[in-house]
Structures are given as C-alpha cells and as structure tokens.
Amino acid sequence: MDTNGDQAGHHAEGVVGAGSAETRSVSAHANGNGHHANGNSHHALLKEKIAILKREREAVILAHNYQDGAIQDVADFTGDSLGLARQAQQTDAKVILFCGVHFMAETAAMLCPDRKVIVPDLAAGCSLADMIMPGQVRRWKQEHPGGVVVCYINTAAAVKAECDYCCTSANGEDIINAIPADKEILFVPDYYLGSYLKAKTGRNIELWKGYCPAHAVIDPAHIEKLQEIYPDAEFLMHPECGCLTKQMDVADKILSTDGMMKHVKESKSSTFIIATENGILYRMRKENPEKTFLPASEQATCHHMERNTLEKVLRSLLTLQYPVTVEPQIARRALVCIERMMEISNKAKPLAFPAQEAPVVYGWLDKDPQPVQWGDHVLAAANDLS
Ligand code: 13P
C-alpha cells in the first residue's frame, strides 16, 4: 500500500472508500491466498491435485487476466485474449484447459484443431459477444455494400464466420490500419472499443452498439474522486470502458489487459487507478507487491469469469469436461478473419510476455507432482468435489 501521509489521511476519513475497494476486490479475486486456515488448506490440496492431473493429462492451463487469483496461480499462462490465443497456437500439450469465457476457448479450438480444448464451466459466456448474431452481421453488410466487417475477438465463432477481420483490444489499431484507406469499416460488437479505434485512426467506422456490462458500470465521477485523492496515480483504462467516450482524453494510457500488466511493471509510478474488470488486480498486486492498485469501480466484475472455480478446474482435468468444438464449416470461415488478425498482429507487435518469459507459476508446489494411477478412485475424487 502507498501510505504516504496525505493518502493515508484520506483513507482514514473514508472519503470514497478507496481502501475498502481494494480490500473487497482482493477478497473477491484472491481466493487461494485465503482468508482462513481451512480455506487455505482446501485450496492448497486442490492446487496440488491440479498440478498432478495436469501433468498426467499432458494439459496446459490458460487463464485470462480476469480469472480468480487461485486459478491464475495454477495456470501455465495468464494473459489477455491475444496472448492466450498465441499461447494456444504454440503449445505442445494434448489438452488445453481454457479458463476464461466461451469465445476464447472457441478461438483456441479453431486455432488448434488437433488439441482437445476444455472449459471448467460451459455457461461462462460473454454478454458482449451475445449482443451480435450472425444474421445481424449479414443484414448490416447488405445495408453497407463494400463495407469491411471487423469483429472484436469477443464474438461467437458463427459471428466471426461472417466477418473480414478479427481484432483484440491489443491490436485493434494495427488491424484497422491494415485495411485499405478507402474502405468503409463496420465494427462489431463493442461500441467503446470501436469509438476508440475511430478516434485513433480517423477512419470511416460504423459502430455496433454492444457493450460489456462489467466495463459499463465504471463511473467517471468515481474516477475523478480517486484522482483528487491520489493526484500522482496513473489512470489506466481498458478500451471497453463505458466511460471511454467521456474520459478517453484524461486517461494516461488506454491498454489491453496485458498492455496494462506490462505498463505497471515498467512505469516509475507507484499508484495506479485501474479501469477494467477487477480480476486483474490480483495479478498486478502479485507481480508488483510494492505498488498500489485501485479499482476504478468496485462493481467492475464479470459474473461469467467468476463462474470458473478451482474445484471446477480440477473436475475438468479429471473428467475432461467440457469440450469446446466448432463445426468445421463455421471454423473454416471464422479462421479467415482470425488468421488475418494473427498475421497482421505478429508482424506489428511481439507478445507483451513472450512464451519463454511467461511467469513460473508453480512456486507454491514444493515437491515434484507424482503420477496418478487412473481408475475408479480418481474418478470418485471428482464426485467428492461437488
Ligand atoms: P483483453 O483480453 O484483450 O485485454 O480484453 C479483455 C476482454 O475483452 C475480456 O472479455
């Protein structure tokens, strides 16, 4: 914590509850670092079983930056949508256990057709992705003949199959700039990311009016109060933020989640106001313990991301549930826009965290995982978890 006198004073007066915001988001996302002894040992046991089974299954665990802290702890790679798609492409593992939301696993399944992609909870979807359907893209294209459709990666495979280019929050500008300058662009589904790209590139972009509910709750008035209390804090904003149209110019940086991770590590600042889903605070605090991270909103949580738990991760490894697959004729078409994105993006920018620099995550396991004999007793263990 940054406890310099002024800031500590404001904390004591509880002016906007920044201190309590921090506490709450830690408790919401840092399960596994635990609050009481029983919780700790339960999680430690789960983590140990997961490490053993992961090795047995020749599985890799990919976790989005928004995942619960305990899941981040057992992941081989934690990252943003683009970074995880690249990790999926590069892995030799037979099984990819994707801890994030459904469209991310779908993307991995399409990029790695010879791997088994599983998720801990099939109901972990994306409200933003659900705001655009394939038929709506087809109709929009008819209204804009010659328009080039760019979809955010937060879309279903069936929507991607209707689109020309895919992008993430990390590479949106590179993708838009790669499209011939005379083309009209139709951007789906995130209005705020689209607005940001329109402002940055000056291109003729029509915007679909989708939004992420977790980012929509972030209130500019609260950020202004935090900035009054922490005048030296850097304000980092994700381009999905609902406050983007009002605050784009006052944000110090507008970044993807991996972009934020890289920036907070390299910045000389000691305090940051973070406008994105609060799951990322766990990783920020873990990797930068000397710095202070304040959520721009205590309410910025994704209930889909929160569906995944350590228990479900273990059960997935035990039972290989739930597989995510994409129909071949959809995958073939959707891959066109994904592969275009990968090609443009790989040329434009390397990974924020290249594979060989990915953080080592098994520090908590002090002995080598032991092999498991598959049999009824292992499957019975899965039932114990319910
Ligand atoms: P990034 O993963 O690109 O940072 O964006 C977050 C997101 O959209 C998750 O839904």
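As the structure is a computational prediction, the values presented were derived from the model and not from experiment.

**Some details on the overall build of the protein chain**
What the protein chain contains, in helices and strands, is 18 helices and 12 strands. The buried share of the protein chain, reckoned over its 386 residues, is 50%.

**Remarks on helix α6 (residues 102-111)**
The element α6 is largely enclosed, with a buried count of 10 among its 10 residues. For α6, the complete set of buried residues consists of H102, F103, M104, A105, E106, T107, A108, A109, M110 and L111. Of the surrounding secondary structure, the elements contacted by the buried residues of α6 are β1 (59-64), α5 (81-90), β3 (95-99), β4 (116-118), α8 (157-160) and α17 (328-348).

**Comments concerning the nonpolar core**
If you look at the biggest cluster of nonpolar residues, it comprises 116 residues, and the most contacted ones within it are L62, I273 and I274. Both domain 1 (37-125 + 306-322 + 354-384) and domain 2 (215-301) contribute no fewer than three residues apiece to this core. The residues contacting I273, other than those within four sequence positions of it, are I223, L226, Q227, Y230, A233, F235, L294 and A296.

**With respect to the confidence of the model for the protein chain**
For the protein chain, per-residue confidence averages 85 on the pLDDT scale, and 80% of positions sit at 70 or higher. Long-range and interchain partners of residues 1-35, a stretch whose pLDDT sits below 50, account for 53 contacts in this model, where long-range means more than four residues apart. Overall, residues 350-371 carries pLDDT values under 50, and its contacts beyond four positions in sequence, including any with other chains, amount to 28 contacts.

**Observations concerning the sheet that holds strand β12 (residues 292-295)**
By way of backbone hydrogen bonds, the strands of a sheet pair with one another, either parallel or antiparallel. The sheet built from four strands is open, its strands ordered β10-β9-β11-β12 with parallel pairing. Because the sheet does not close on itself, it has two edges, and the strands there are β10 (253-254) and β12. Note: strand β11 (residues 271-275) against β12, four bridges, orientation parallel. Looking at the pairing, F272 lines up with F293 of β12. On top of the sheet, helix α12 (residues 220-229) reaches β9 (234-237), β11 and β12; it is set at about 180° to β11, its chief contact.

**Some thoughts on the sheet that holds strand β5 (residues 148-152)**
Here we have four strands laid out as an open sheet, ordered β6-β5-β7-β8, and parallel in their pairing. Whereas interior strands pair on both sides, the edge strands pair on one side only; in this sheet they are β6 (165-167) and β8 (205-207). Sheet twist, expressed as the mean angle between neighbouring strand axes with direction ignored, is 30°. Alignment of β5 against β6, held across three bridges, turns out to be parallel.

**Concerning the site of the ligand**
Around the ligand sit D80, S81, C126, N154, T168, S169, A170, E240, S256 and T257, and that is every residue in its neighbourhood. Here the residues of the shell around the ligand are counted per class, giving two nonpolar, six polar and two charged.

**Remarks on the packing of α5 against α6**
Two numbers describe how α5 lies on α6: the axes approach to 9 Å, and their chain directions differ by 30°. Where α5 crosses over α6, the handedness of that crossing is right-handed. Where α5 abuts α6, its residues S81, L84, A85, A88 and Q89 lie against M104, T107, A108 and L111. Among the residues making up the contact of α5 with α6, the classes are represented as six nonpolar, three polar and no charged.

**Topic: the pairing of β11**
Across the five residues that make up β11, a large majority, five, are buried. The alternating pattern of β11 places T271, I273 and A275 and F272 and I274 on opposite faces, both of which are buried. Tracing the backbone out of β11, into helix α15 (residues 280-287) and back to the parallel element β12 gives a crossover that is right-handed.

**With respect to the environment of K225**
As for its position among the elements, K225 is in helix α12. Note on K225: 16 C-beta atoms within 10 Å, which makes it partly exposed. Along the primary structure K225 and A296 are separated by 71 residues, whereas in three dimensions their C-alpha atoms are 9.9 Å apart.

**Looking at the packing of helix α14 (residues 257-266) against α15**
Taken N-terminus to C-terminus, the directions of α14 and α15 make an angle of 25°; their axes are 10 Å apart at the nearest point. By the angle between their directions, the pair α14 and α15 is classed as roughly parallel. Every pair of crossing elements has a handedness; the one defined by α14 and α15 is right-handed. For the pair α14 and α15, the contacting residues are T257, M260, M261, V264 and K265 in the first and I280, R283, M284 and E287 in the second. A breakdown of the residues in the contact of α14 with α15 according to their chemical character gives five nonpolar, one polar and three charged.

Definitions and cut-offs
Sequence order as written defines the numbering, with residues in each chain counted from 1. Residues qualify for local features only when their pLDDT is at least 70, as the model is predicted, and side-chain atom pairs are given and counted only at 80 or more; totals for whole chains, interfaces and linings, by contrast, use all residues. Secondary structure elements are taken from DSSP: a helix is a run of H or I of four residues or more, a strand is a run of E of two residues or more, and numbering for both begins at the N terminus. Buried, partly exposed and exposed are defined by the number of other C-beta atoms within 10 Å of a residue's own C-beta, namely 20 or more, between the two limits, and 12 or fewer respectively, with C-beta atoms placed from the backbone. Note that contacts rest on C-beta atoms placed from the backbone: two residues are in contact if these are within 7 Å. By convention the nonpolar core is taken to be a set of buried residues drawn from Ala, Val, Leu, Ile, Met, Phe, Trp, Tyr and Cys and joined through C-beta atoms within 7 Å. Domain start and end points were adopted from an automatic or database domain assignment. The pLDDT score gives, residue by residue, the confidence of the prediction method on a 0 to 100 scale. Being paired, for any two strands, means DSSP has found at least two bridges between them. All axes here are fitted lines through C-alpha atoms, helices being fitted over the stretch that makes contact, and every angle between N-to-C directions spans 0 to 180 degrees. As a rule, any residue with its backbone-derived C-beta atom within 6 Å of a molecule or strand is reported as near that molecule or strand. Residue polarity is assigned by list, with Asp, Glu, Lys and Arg as charged and Ala, Val, Leu, Ile, Met, Phe, Trp, Tyr, Cys and Pro as nonpolar; anything else, Gly included, falls into the polar class. Crossings are sorted by hand: turned counterclockwise from the far helix by less than a right angle, the near helix makes the crossing left-handed, and turned clockwise it makes it right-handed. With its strands directed away from the observer, a crossover is right-handed exactly when the path from the first strand over the helix to the second travels clockwise. Angles below 35 degrees are treated as roughly parallel, those above 145 as roughly antiparallel, those between 65 and 115 as roughly perpendicular, and all remaining angles as oblique.

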